[in-house]
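# A closer look at the structure
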Amino acid sequence: MDTSTNTIEATLGDRLTAREETVAVAESLTGGLLCSRLTDIPGASAYVDRAVVTYSNRSKQTALGVSREALDAHGAVSEPVAAEMAQGMRDTAETTWAISTTGIAGPTGGTDEKPVGLVYIGVAYAAPWGTDESFVRVTRHVFDGDRAAVKSTTATEALTALARAIDDVAEA
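For the structure given in this document, a descriptive report is provided here. (Residues numbered from 1 in each chain as written. Predicted model: local features only at pLDDT ≥ 70, side-chain atom pairs only at ≥ 80, totals over all residues. Heavy atoms only, no water.)

### Points about the environment of leucine 118
Position of leucine 118 relative to the elements: it lies in strand E4 (residues 118-125). Here leucine 118 falls in the buried class, since its relative accessible area comes to 1%. Sequence separation between leucine 118 and threonine 102 is 16 residues, and the spatial gap between their C-alpha atoms is 8.6 Å. (Helix = DSSP H or I, 4+ residues; strand = E, 2+ residues; numbered from the N terminus. Buried < 20%, exposed > 50% of the residue type's maximum accessible area, 1.4 Å probe, protein only.)

### Examining the pattern of salt bridges
If charged atoms from side chains of opposite charge come close, those side chains can pair. Taken as a whole and judged by the stated rule, the model has seven salt bridges. The residue glutamate 21 makes a salt bridge to arginine 19 at a minimum N-O spacing of 2.9 Å. Classification of arginine 19 as partly exposed rests on a relative accessible area of 29%. The partner of aspartate 168 in a salt bridge is arginine 137, with the nearest N and O atoms 2.8 Å apart. Of this pair, aspartate 168 sits in helix H6 (residues 147-171) while arginine 137 sits in strand E5 (residues 135-142), and the two are 31 residues apart along the sequence. (Salt bridge = Lys/Arg side-chain N within 4 Å of Asp/Glu carboxyl O.)

### Focus on the pairing of strand E2 (residues 48-53)
In this sheet, E2 lies alongside strand E1 (residues 23-27) in parallel orientation, the contact comprising five bridges. Across the sheet, the residue bridging to glutamate 27 is valine 53, located in E2. Between the parallel pair E1 and E2, the chain is carried across by helix H2 (residues 33-38), and the sense of this crossover is right-handed. (Pairing = 2+ DSSP bridges. Right-handed = clockwise from strand over helix to strand, strands pointing away.)

### Points about the packing of aromatic side chains
Across all of its chains, the model carries three aromatic pairs by this definition. Where tryptophan 97 meets tyrosine 125, the ring centres are 4.5 Å apart and the plane angle is 35 degrees; that geometry is what we call tilted. One end of the pair, tryptophan 97, is in strand E3 (residues 97-103); the other, tyrosine 125, is in strand E4, with 28 residues separating them in the sequence. Classification of tyrosine 125 as buried rests on a relative accessible area of 7%. Linked through ring pairs, Trp97, Tyr125 and Phe135 together constitute an aromatic cluster. Arginine 137 extends its terminal NZ or CZ atom over the ring of phenylalanine 135, reaching a point 4.2 Å from the ring centre. (Phe/Tyr/Trp six-rings, centres within 6.5 Å; stacked < 30°, edge-to-face > 60°. Lys NZ or Arg CZ within 6 Å of the ring centre and 35° of its normal.)

### Examining the pairing of E4
Buried residues dominate E4, accounting for eight of its eight residues. With burial as the criterion, each face of E4 is covered, one bearing Leu118, Tyr120, Gly122 and Ala124 and the other bearing Val119, Ile121, Val123 and Tyr125. Bridge count for E3 against E4 is seven bridges, and the pairing is antiparallel. Its bridge partner being in E4, threonine 102 is matched across the sheet by tyrosine 120.

### Side note on the layout of surface pockets
Approximately 270 Å³ is the volume found for the largest pocket. Its volume calculated, the second largest pocket comes out at about 160 Å³. Around the second largest pocket, the lining comprises 14 residues; the ones closest to its centre are Ser28, Leu29, Tyr55, Gly103 and Ile104. Of all the elements in the fold, those that place two or more residues in the lining of the second largest pocket are helix H3 (57-64) and E3. Tallied by class, the residues present in the lining of the second largest pocket amount to six nonpolar, six polar and two charged. (1 Å grid on protein atoms, 1.4 Å probe; cavity = no way out; pocket = protein on both sides within 12 Å on 5 of 7 lines; lining within 4 Å. Points joined across faces, edges and corners; volume = space filled by probe spheres on them. Nonpolar A, V, L, I, M, F, W, Y, C, P; charged D, E, K, R; others polar.)

### Topic: H3
All buried positions along H3 are accounted for by Ser59, Lys60 and Leu64. Relative to the axis of H3, the buried residues are bounded by an arc of 105 degrees and lie together on one face. Every exposed residue of H3 that faces more than 90 degrees away from the buried side is listed here: Arg58 and Thr62. Where H3 is buried, its residues touch E1, E2, helix H4 (68-74), helix H5 (79-93) and E3. Looking at the residues trailing H3, positive phi occurs at glycine 65, about 75 degrees. (Arc of directions from axis to C-beta. Contact = heavy atoms within 4.5 Å.)

Listed below in structure tokens is the structure:
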């Protein structure tokens, strides 16, 4: 795949295509922005399988298999829920990779414990069966800015997290 731009989206497209791997996306606060950026690259249909926007708790449960226990105990904006979102998307889509985003974009909805700009990004990898090398990683961030800035920064960081994970697997 010959991409003429030097963006994280193009770099990911090249890596996924070269490795013959696929990705699916489970978005909450980014509302489709992450998948939109992935599909801005011509030829993305070779590696982007699907995306779901699971904005409500109910949709996280029904579309991704996020547990009621994780939602009750930790809330939608939490490390356990981001992990279950990524894992559920990877497993239901049967893709090599999945990315999840959940957070509080603002301007309202924040608390002292969970401020506006709090974001969790999950990356799940499906290693070959029998290798015990599959994983789910979640990173926590607090981004500054208005709603649009938090969403945009989250999408960029999610793409970067996927690129780092692919590099880690390639080096192993």
